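Listed here are the chains, written in short residue letters.
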Amino acid sequence: MNVLLLGPQGSGKGTQAQRIEAEYGIPHIATGQMLRDAIKQETELGTKVKPIVESGRLVPDDLMIDLIRERLIEPDTGEGFILDGFPRTSAQADALDAMLSEIGRELSIVFEFQLPDDAATARLLRRSELENRRDDTPEAIARRLELYHAETEPLVEHYRVQGNLVGIHADHSVNEVFQEIQEALDQVAARS
Ligand code: AMP
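Residues numbered from 1 in each chain as written. Predicted model: local features only at pLDDT ≥ 70, side-chain atom pairs only at ≥ 80, totals over all residues. Heavy atoms only, no water.

Some words on the overall build of the protein
Working step 1: Secondary structure assignment for the protein yields nine helices and five strands.
Working step 2: Computed over C-alpha atoms, the radius of gyration of the protein comes to 16 Å, within 12% of the 16 Å expected from 2.2 N^0.38 for 192 residues, which places it in the range of a compact globule.
Working step 3: The proportion of buried residues among the 192 residues of the protein is 44%.
Working step 4: Within the protein, residue pairs in contact and separated by at least 24 positions form 74% of the contacts whose partners lie at least 6 positions apart.
Working step 5: Total accessible area on the protein is roughly 10000 Å²; 48% of this is exposed by carbon and sulfur atoms.
Working step 6: Here the protein holds 20 positive side-chain charges and 35 negative ones, and the gap between their average locations is 5 Å. (Helix = DSSP H or I, 4+ residues; strand = E, 2+ residues; numbered from the N terminus. Rg over C-alpha atoms; globule rule 2.2 N^0.38 Å. Buried < 20%, exposed > 50% of the residue type's maximum accessible area, 1.4 Å probe, protein only. Contact = heavy atoms within 4.5 Å. Areas by Shrake-Rupley, 256 points an atom, 1.4 Å probe, with all protein chains shown as cover. Lys, Arg positive; Asp, Glu negative; His and termini not counted. Charge placed at Lys NZ, Arg CZ, Asp CG, Glu CD.)

This is the structure we're talking about:
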(Lines give C-alpha, C1' and ligand atoms only; values in the text may rest on other atoms or scores of the structure.)
Protein backbone atom coordinates (compact mmCIF):
# COMPACT_ATOMS: atom_id res chain seq x y z
CA MET A 1 0.00 0.00 0.00
CA ASN A 2 1.56 3.28 -1.16
CA VAL A 3 0.20 6.19 0.86
CA LEU A 4 0.74 9.92 0.38
CA LEU A 5 -0.06 12.53 3.03
CA LEU A 6 -0.71 16.10 1.90
CA GLY A 7 -1.57 18.96 4.23
CA PRO A 8 -0.18 22.07 5.87
CA GLN A 9 2.52 21.99 8.51
CA GLY A 10 0.93 21.35 11.89
CA SER A 11 -1.98 19.34 10.48
CA GLY A 12 -0.78 16.14 12.17
CA LYS A 13 0.69 14.25 9.19
CA GLY A 14 3.75 13.08 11.15
CA THR A 15 1.69 11.82 14.09
CA GLN A 16 -0.72 9.94 11.84
CA ALA A 17 2.10 8.57 9.69
CA GLN A 18 3.62 6.99 12.81
CA ARG A 19 0.28 5.37 13.64
CA ILE A 20 -0.09 4.05 10.08
CA GLU A 21 3.48 2.73 10.18
CA ALA A 22 2.79 0.88 13.46
CA GLU A 23 -0.55 -0.55 12.32
CA TYR A 24 0.25 -1.49 8.72
CA GLY A 25 4.01 -2.14 8.88
CA ILE A 26 5.01 0.17 6.05
CA PRO A 27 7.78 2.76 6.53
CA HIS A 28 7.16 6.45 7.20
CA ILE A 29 9.25 8.49 4.78
CA ALA A 30 9.37 12.08 6.04
CA THR A 31 11.56 14.34 3.93
CA GLY A 32 11.70 17.08 6.60
CA GLN A 33 13.08 14.57 9.10
CA MET A 34 15.56 13.20 6.53
CA LEU A 35 16.84 16.74 5.99
CA ARG A 36 17.04 17.47 9.72
CA ASP A 37 19.06 14.25 10.18
CA ALA A 38 21.41 15.25 7.36
CA ILE A 39 21.87 18.68 8.97
CA LYS A 40 22.62 17.11 12.34
CA GLN A 41 25.11 14.69 10.80
CA GLU A 42 26.70 17.56 8.84
CA THR A 43 26.66 15.61 5.56
CA GLU A 44 27.26 17.42 2.27
CA LEU A 45 23.51 17.63 1.70
CA GLY A 46 22.95 18.77 5.29
CA THR A 47 25.41 21.63 5.03
CA LYS A 48 23.84 22.75 1.75
CA VAL A 49 20.23 22.75 2.97
CA LYS A 50 20.73 24.02 6.55
CA PRO A 51 20.08 27.73 5.90
CA ILE A 52 17.14 26.93 3.62
CA VAL A 53 15.38 24.61 6.07
CA GLU A 54 15.98 26.85 9.07
CA SER A 55 14.44 29.85 7.34
CA GLY A 56 11.36 27.87 6.26
CA ARG A 57 12.01 28.05 2.51
CA LEU A 58 11.87 25.10 0.08
CA VAL A 59 14.91 23.02 -0.78
CA PRO A 60 15.51 22.93 -4.59
CA ASP A 61 13.47 20.29 -6.45
CA ASP A 62 16.47 18.44 -7.92
CA LEU A 63 17.94 17.75 -4.47
CA MET A 64 14.61 16.53 -3.12
CA ILE A 65 13.88 14.36 -6.15
CA ASP A 66 17.30 12.65 -5.86
CA LEU A 67 16.75 12.08 -2.14
CA ILE A 68 13.35 10.43 -2.68
CA ARG A 69 14.49 8.41 -5.69
CA GLU A 70 17.17 6.78 -3.53
CA ARG A 71 14.82 6.25 -0.61
CA LEU A 72 12.01 4.60 -2.60
CA ILE A 73 14.27 1.82 -3.86
CA GLU A 74 15.32 0.77 -0.34
CA PRO A 75 14.19 -2.81 0.37
CA ASP A 76 11.93 -1.81 3.30
CA THR A 77 9.46 -0.22 0.85
CA GLY A 78 8.58 -3.60 -0.67
CA GLU A 79 5.11 -3.70 0.90
CA GLY A 80 4.58 0.03 0.47
CA PHE A 81 5.40 3.35 2.09
CA ILE A 82 3.91 6.47 3.67
CA LEU A 83 5.20 9.65 2.02
CA ASP A 84 5.06 12.73 4.25
CA GLY A 85 6.44 16.07 3.07
CA PHE A 86 7.04 15.11 -0.56
CA PRO A 87 5.94 16.18 -3.15
CA ARG A 88 5.67 19.87 -2.28
CA THR A 89 5.78 21.39 -5.80
CA SER A 90 4.31 20.40 -9.15
CA ALA A 91 7.80 19.54 -10.46
CA GLN A 92 8.20 17.11 -7.53
CA ALA A 93 4.75 15.61 -8.16
CA ASP A 94 5.56 15.04 -11.84
CA ALA A 95 8.90 13.47 -10.89
CA LEU A 96 7.16 11.19 -8.40
CA ASP A 97 4.63 10.05 -11.02
CA ALA A 98 7.52 9.23 -13.38
CA MET A 99 9.53 7.44 -10.67
CA LEU A 100 6.59 5.31 -9.61
CA SER A 101 5.67 4.31 -13.13
CA GLU A 102 9.34 3.40 -13.75
CA ILE A 103 9.24 0.94 -10.85
CA GLY A 104 5.74 -0.25 -11.75
CA ARG A 105 3.92 1.16 -8.75
CA GLU A 106 1.24 3.71 -8.09
CA LEU A 107 -0.16 5.63 -5.14
CA SER A 108 -2.93 3.62 -3.49
CA ILE A 109 -4.39 6.65 -1.75
CA VAL A 110 -3.68 10.35 -1.14
CA PHE A 111 -4.94 11.95 2.07
CA GLU A 112 -5.47 15.69 2.20
CA PHE A 113 -5.30 16.88 5.83
CA GLN A 114 -7.59 19.91 6.04
CA LEU A 115 -6.83 22.52 8.71
CA PRO A 116 -7.26 26.33 8.72
CA ASP A 117 -4.07 28.41 9.01
CA ASP A 118 -4.90 29.82 12.46
CA ALA A 119 -5.24 26.31 13.91
CA ALA A 120 -2.04 25.16 12.16
CA THR A 121 -0.13 28.19 13.46
CA ALA A 122 -1.33 27.62 17.04
CA ARG A 123 -0.22 23.98 16.89
CA LEU A 124 3.19 24.86 15.43
CA LEU A 125 3.84 27.51 18.08
CA ARG A 126 3.01 24.95 20.75
CA ARG A 127 5.36 22.44 19.09
CA SER A 128 8.15 25.03 19.03
CA GLU A 129 8.07 25.08 22.84
CA LEU A 130 8.24 21.28 23.03
CA GLU A 131 10.73 20.43 20.28
CA ASN A 132 12.73 23.61 19.81
CA ARG A 133 12.72 23.29 16.02
CA ARG A 134 14.61 26.15 14.35
CA ASP A 135 11.88 26.57 11.73
CA ASP A 136 9.00 26.89 14.21
CA THR A 137 9.58 30.63 14.77
CA PRO A 138 6.59 32.89 13.93
CA GLU A 139 8.36 34.20 10.77
CA ALA A 140 9.32 30.75 9.47
CA ILE A 141 5.85 29.36 10.26
CA ALA A 142 4.18 32.15 8.28
CA ARG A 143 6.55 31.56 5.36
CA ARG A 144 6.00 27.79 5.39
CA LEU A 145 2.19 28.13 5.40
CA GLU A 146 2.39 30.70 2.59
CA LEU A 147 4.55 28.31 0.55
CA TYR A 148 2.12 25.48 1.30
CA HIS A 149 -0.78 27.43 -0.21
CA ALA A 150 1.24 28.69 -3.17
CA GLU A 151 3.22 25.57 -4.12
CA THR A 152 1.75 22.47 -2.48
CA GLU A 153 -2.00 22.98 -2.18
CA PRO A 154 -2.42 23.01 -5.99
CA LEU A 155 -1.25 19.37 -5.94
CA VAL A 156 -4.60 18.44 -4.39
CA GLU A 157 -6.10 18.94 -7.86
CA HIS A 158 -3.34 16.84 -9.42
CA TYR A 159 -4.35 13.90 -7.23
CA ARG A 160 -8.08 14.57 -7.41
CA VAL A 161 -7.78 14.08 -11.16
CA GLN A 162 -5.91 10.82 -10.57
CA GLY A 163 -8.95 9.73 -8.55
CA ASN A 164 -7.42 8.59 -5.29
CA LEU A 165 -7.83 11.66 -3.08
CA VAL A 166 -9.52 11.45 0.34
CA GLY A 167 -10.08 14.54 2.54
CA ILE A 168 -9.35 14.27 6.26
CA HIS A 169 -10.82 16.44 9.06
CA ALA A 170 -7.46 17.25 10.65
CA ASP A 171 -9.02 19.42 13.37
CA HIS A 172 -10.39 16.31 15.12
CA SER A 173 -8.57 14.39 17.86
CA VAL A 174 -5.63 12.12 17.02
CA ASN A 175 -7.77 9.01 17.57
CA GLU A 176 -10.67 10.31 15.50
CA VAL A 177 -8.37 11.26 12.63
CA PHE A 178 -6.70 7.85 12.74
CA GLN A 179 -10.10 6.17 12.61
CA GLU A 180 -10.99 8.13 9.45
CA ILE A 181 -7.67 7.10 7.93
CA GLN A 182 -8.08 3.45 8.90
CA GLU A 183 -11.54 3.24 7.34
CA ALA A 184 -10.16 4.55 4.05
CA LEU A 185 -7.08 2.30 4.15
CA ASP A 186 -9.16 -0.77 4.93
CA GLN A 187 -11.29 -0.03 1.87
CA VAL A 188 -8.16 0.23 -0.26
CA ALA A 189 -6.83 -3.05 1.17
CA ALA A 190 -10.18 -4.77 0.47
CA ARG A 191 -10.05 -3.62 -3.18
CA SER A 192 -6.56 -4.97 -3.82
P1 AMP B 1 8.64 19.40 7.32
O2 AMP B 1 9.21 18.67 8.48
O3 AMP B 1 7.93 18.51 6.34
O4 AMP B 1 7.80 20.58 7.72
O5 AMP B 1 9.89 19.99 6.51
C6 AMP B 1 10.80 20.88 7.11
C7 AMP B 1 11.53 21.69 6.04
O8 AMP B 1 12.31 20.81 5.20
C9 AMP B 1 10.65 22.45 5.06
O10 AMP B 1 10.24 23.70 5.59
C11 AMP B 1 11.60 22.63 3.87
O12 AMP B 1 12.59 23.60 4.13
C13 AMP B 1 12.30 21.28 3.84
N14 AMP B 1 11.59 20.29 3.01
C15 AMP B 1 11.04 19.11 3.43
N16 AMP B 1 10.48 18.44 2.40
C17 AMP B 1 10.69 19.21 1.31
C18 AMP B 1 10.33 19.09 -0.06
N19 AMP B 1 9.64 18.03 -0.52
N20 AMP B 1 10.70 20.08 -0.92
C21 AMP B 1 11.39 21.17 -0.48
N22 AMP B 1 11.75 21.35 0.80
C23 AMP B 1 11.41 20.39 1.69
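A word on the packing of helix H6 (residues 117-131) against helix H7 (residues 138-152)
Working step 1: Two numbers describe how H6 lies on H7: the axes approach to 10 Å, and their chain directions differ by 140°. When the axes of H6 and H7 are compared, the pair comes out oblique. Helix-helix and strand crossings are classified by hand; for H6 and H7 the assignment is right-handed. Together, Asp117, Ala120, Thr121, Leu124, Leu125 and Arg127 of H6 and Pro138, Ile141, Arg144, Leu145 and His149 of H7 make up the contact between the two elements.
Working step 2: Of the residues that constitute the contact of H6 with H7, the class distribution is six nonpolar, two polar and three charged. (Axes fitted to C-alpha atoms, helices over the stretch in contact; angles between N-to-C directions. Parallel < 35°, antiparallel > 145°, perpendicular 65-115°, else oblique. Left-handed = near helix turned anticlockwise from the far one by under 90°. Nonpolar A, V, L, I, M, F, W, Y, C, P; charged D, E, K, R; others polar.)

Some remarks on the site of the ligand
Working step 1: In the vicinity of the ligand there are 17 residues, among which Thr31, Arg36, Arg57, Gly85 and Gln92 approach most closely.
Working step 2: Gly85 places a polar main-chain atom, nitrogen or oxygen, 2.8 Å from a nitrogen atom of the ligand.
Working step 3: Within the contact set of the ligand, a nitrogen atom lies 3.0 Å away from a side-chain nitrogen or oxygen of Arg88.
Working step 4: Within the complex, 95% of the 480 Å² of free accessible area of the ligand lies under protein.
Working step 5: For the shell around the ligand, the leading source of residues is helix H2 (residues 31-40), giving four residues.
Working step 6: Residue composition of the shell around the ligand, by class: six nonpolar, five polar and six charged. (Near = heavy atom within 4 Å. Polar contact = N/O pair within 3.5 Å; in protein donor to acceptor, adjacent residues only side chain to side chain.)

Regarding the pattern of salt bridges
Working step 1: Here the structure, examined in full by the defined rule, presents nine salt bridges.
Working step 2: The partner of Glu54 in a salt bridge is Arg134, with the nearest N and O atoms 3.4 Å apart. Placement of Glu54 in helix H3 (residues 44-55) and of Arg134 in the loop between H6 and H7 is noted, with a sequence separation of 80 residues between them.
Working step 3: Residues joined by salt bridges that share partners form a network here, namely Arg127, Arg133, Asp135, Asp136 and Arg144. (Salt bridge = Lys/Arg side-chain N within 4 Å of Asp/Glu carboxyl O.)

Remarks on unusual backbone geometry
Working step 1: For the bond from Phe86 to Pro87, the omega torsion is 0°, close enough to zero to count as cis.
Working step 2: Tracing the sequence through the fold places Pro87 in the loop between strand S3 (81-84) and helix H5 (90-102).
Working step 3: Of note, Glu42 is a non-glycine position whose phi angle comes to about 55°, a positive value.
Working step 4: Taking relative accessible area as the criterion, Glu42 reaches 65% and is therefore assigned exposed.
Working step 5: Its identity is not glycine, yet Asn132 carries a phi of approximately 55°, on the positive side.
Working step 6: If you trace the backbone, Asn132 turns up in the loop between H6 and H7.
Working step 7: Asn132 gets classed as exposed once you look at its relative accessible area, which sits at 65%.

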